[in-house]
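Survey of secondary and tertiary structure
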Amino acid sequence: MSAQGRKMSVGDDLNRIAKGEILSDSWSRKTYSVDASHYAITPSLIVCPQDEYDIQRICEYCFSKNIPITARGAGTSLGGQSLSDNIIIDFTKHMNKIIEIGDDYAIVQPGVVKGILDKELKNRGKFLPPDPASSNYCTIGGMIANNSSGAHCLGYGNTIDFLQEIHVVYSDGNSELLNNRSNNAANKKFSNATSDKMVKNLLMLISPYSEIIQKIYPKVTKNSCGYRLDAVINDRGFSPQKIFAASEGTLGIVTSANMRIMDIPLYHHLLVLGFEDLLSAVYLVPLILRFFPIAVEMLDHTVFRIEENKQQLAADTTAGCLLFVEFAGNNMTNVERRVNSFKNKLFGKCNIIESVTDEQSMLRIWQARKGALNHVIKLTFGTRKPIGLIEDTVVNPSLLHDYTQYLQQLYIHGKLDYVMYGHVGDGNLHTRPLVDIGSQSEIELIERLAHEVFDKVIKSGGTITGEHGDGLARVKYIKYMYGSKIFSLFTEVKKLFDPKFIMNPGKKVTQATN
């Protein structure tokens, strides 16, 4: 049977077993062939499931036929995570419901858009803190898959920190509820874990490695590289649901998630600080962190010189670099006392360009920061593009000045223009060199650059990706990041959950690396 014939046969079978739409026309396949990365892969079919029952039947069928499956939300991933030449499952059309909102939790389907959930929570005085720049259109399922963060993870944590419970369908169609509610105080050395077979096997697999996991994993506040085994098993207990955070859909499909939510702080104060240059700004980050802000964000002049972005800032932006520093709390006197102490400590070290407490001004200012990536992408000129291979590294903030200087020297030596911005409070830099992808020498240059940068980051105890994940872009560097022992454990985890390697193949762990 021809490839076209096989595709039609699979499409006919799926139409019989699933209630949702099956798309195989050329326009749909072209639409789903791209995401927010620079990759393009055309899928064979797209399925828009109606419910979890559809997912189970689809997985059962694909497992029996050895057909790969890739889950997709809004396609905002920057590393090609949601691309495949086989079956794409799109959750945004039907499985996009907010199931329940309680006092300290929200239960949602994977296709729920973060911005829509934000509005519902705000009406109740609540919020889910992880706030990626794509919040207005990214989905909760995608945020879990990538372990997304955002500007305010400094004060509150990343998606993995808010993931309390998930309902998941495995590659063979079986489903399971994963949580850590039954596991108390380090689980008495993990002896009280649930008796479910998959979870029990996961515990048996990784518990002998708990000490080496804690030793080898990066010592930074955010990490989306590999599988987050350090969050699954540690001195606080066993949390099997967290294996799915940052897993990029390679272990199974999340059909609903219980996310911890918080009360919105009553008072906020946001400052925009102007510095002569980038190095002057990042040098002061460790000092700024002593005042416990909930966000410390950076825009270098390489980004805000773009006129569209510059207009969103009310004041003069002739400075070489901007820092956005936000404080929050429920006691206005305490917040303002902290802000005043902060201002006094930084007197003479920078210019205070803006200092605002009203919601509209803060929204305007944060939009300038959140729009950075969109403006960076517009710097594409023909085959000259801002390449994102090293765009998401994290180091300890105490090392940020030296690391930033190191990056600048690499760019100068390579005669490369670049952009730089990021979550400097977490030591997370977003930087992209502008590279002519039509030039083989420049492609080789960016590969050499990546090896040098990743080597320095890893040796410093950092991570090669803090929130954007591995995808197709960095999958080959995961073993280098963790070493052969931990990477072999990743492979065993993959085999446990997905023995036929059909869940989002080519990401995290591939059969070729077994």
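See the structure above.
Residues numbered from 1 in each chain as written. Predicted model: local features only at pLDDT ≥ 70, side-chain atom pairs only at ≥ 80, totals over all residues. Heavy atoms only, no water.

**Quick notes on the overall build of the protein**
Helix and strand counts for the protein stand at 22 helices and 21 strands. Based on the C-alpha atoms only, the size of the protein along its principal axes is roughly 70 × 55 × 45 Å. Looking at the 514 residues of the protein, the share that counts as buried comes to 58%. In the protein, the proportion of contacts linking residues at least 24 apart, taken out of those at least 6 apart, comes to 72%. As presented, the protein carries roughly 21300 Å² of accessible surface, and 51% of it is formed by carbon and sulfur atoms. Seen as two clouds, the 56 positive and the 54 negative side-chain charges of the protein have centres 3 Å apart. (Helix = DSSP H or I, 4+ residues; strand = E, 2+ residues; numbered from the N terminus. Buried < 20%, exposed > 50% of the residue type's maximum accessible area, 1.4 Å probe, protein only. Contact = heavy atoms within 4.5 Å. Areas by Shrake-Rupley, 256 points an atom, 1.4 Å probe, with all protein chains shown as cover. Lys, Arg positive; Asp, Glu negative; His and termini not counted. Charge placed at Lys NZ, Arg CZ, Asp CG, Glu CD.)

**Here we look at the environment of Phe162**
Note on placement: Phe162 falls in helix α7 (residues 159-162). Excluding residues within four positions of it along the chain, Phe162 makes contact with Leu128, Pro129, Pro130, Tyr156, Gly157, Asn258, Met259, Arg260 and Met262.

**Re the nonpolar core**
Counting 102 residues, the largest nonpolar core has Leu229, Ile243, Phe244 and Phe490 as its most contacted members. The residues contacting Ile243, other than those within four sequence positions of it, are Leu202, Tyr227, Leu229, Val232, Leu251, Val493 and Phe497. One finds Leu78, Leu299, Met362 and Val376 within the second-largest nonpolar core, a separate group that totals 22 residues. (Core = buried A, V, L, I, M, F, W, Y, C linked by side-chain atoms within 4.5 Å.)

**Describing the pattern of salt bridges**
Tallied over the entire structure, the rule returns 22 salt bridges. Between Arg364 and Glu354 there is a salt bridge, with the nearest N and O atoms lying 3.0 Å from each other. In this pair, Arg364 sits in helix α17 (residues 359-370) while Glu354 sits in strand β17 (residues 351-356), placing the two residues ten residues apart along the sequence. On the accessibility criterion, Arg364 (27% relative accessible area) is partly exposed. Using a relative accessible area of 9% as the deciding quantity, one classes Glu354 as buried. A salt bridge links Asp498 to Lys494; its shortest N-O distance comes to 2.7 Å. The pair Asp498 / Lys494 is uniform in exposure class, with both members buried. (Salt bridge = Lys/Arg side-chain N within 4 Å of Asp/Glu carboxyl O.)

**Here's the deal with helix α20 (residues 440-459)**
The first and last C-alpha atoms of α20 sit 29 Å apart over 20 residues, in line with the 28 Å expected at 1.5 Å per residue. What α20 keeps buried is the set Ile446, Leu449, Ala450, Val453, Phe454 and Val457. Summarising the axial view, the buried residues of α20 lie within an arc of 125°, below the 170-degree limit, and thus occupy one face. Exposed residues lying more than 90 degrees from the buried face of α20 are Gln440 and Lys459. Where α20 is buried, its residues touch β19 (393-394), α19 (400-413), β21 (428-436) and α21 (478-482). Directly beyond the C-terminal end of α20, a positive phi value near 85° is found at Gly461. (Expected span 1.5 Å × (residues − 1). Arc of directions from axis to C-beta.)

**Structural notes on the sheet that holds strand β2 (residues 45-48)**
Pairing in this open sheet of four strands is mixed, and the strands run β1-β2-β4-β3 from one edge to the other. Of all strands in the sheet, those with a lone pairing partner are β1 (21-23) and β3 (69-72), marking the two edges. Each strand of the sheet is rotated relative to its neighbour by a mean of 25°, with strand direction disregarded. Note that β3 and strand β4 (residues 87-90) share four bridges and pair parallel. Opposite Thr70, over in β4, you have Ile88 as the bridge partner. (Pairing = 2+ DSSP bridges. Axes fitted to C-alpha atoms, helices over the stretch in contact; angles between N-to-C directions.)

**Considerations on helix α4 (residues 114-122)**
Listing the buried residues of α4 in full gives Lys114, Gly115, Leu117 and Leu121. Down the axis of α4, the buried side of the element spans an arc of 160°, and every buried residue falls inside it. As for α4, its buried residues are in contact with β5 (98-101), β6 (105-108), β7 (126-127) and α5 (140-146).

**Here we look at the sheet that holds β6**
The sheet built from five strands is open, its strands ordered β5-β6-β12-β8-β9 with antiparallel pairing. The two strands at the open ends of the sheet, each matched to only one other strand, are β5 and β9 (175-179). Across this sheet, the average inter-strand angle for adjacent strands is 15°, counted without regard to direction. Its contacts with the sheet put α4 on β5 and β6, and the angle it makes with β5 is roughly 30°.

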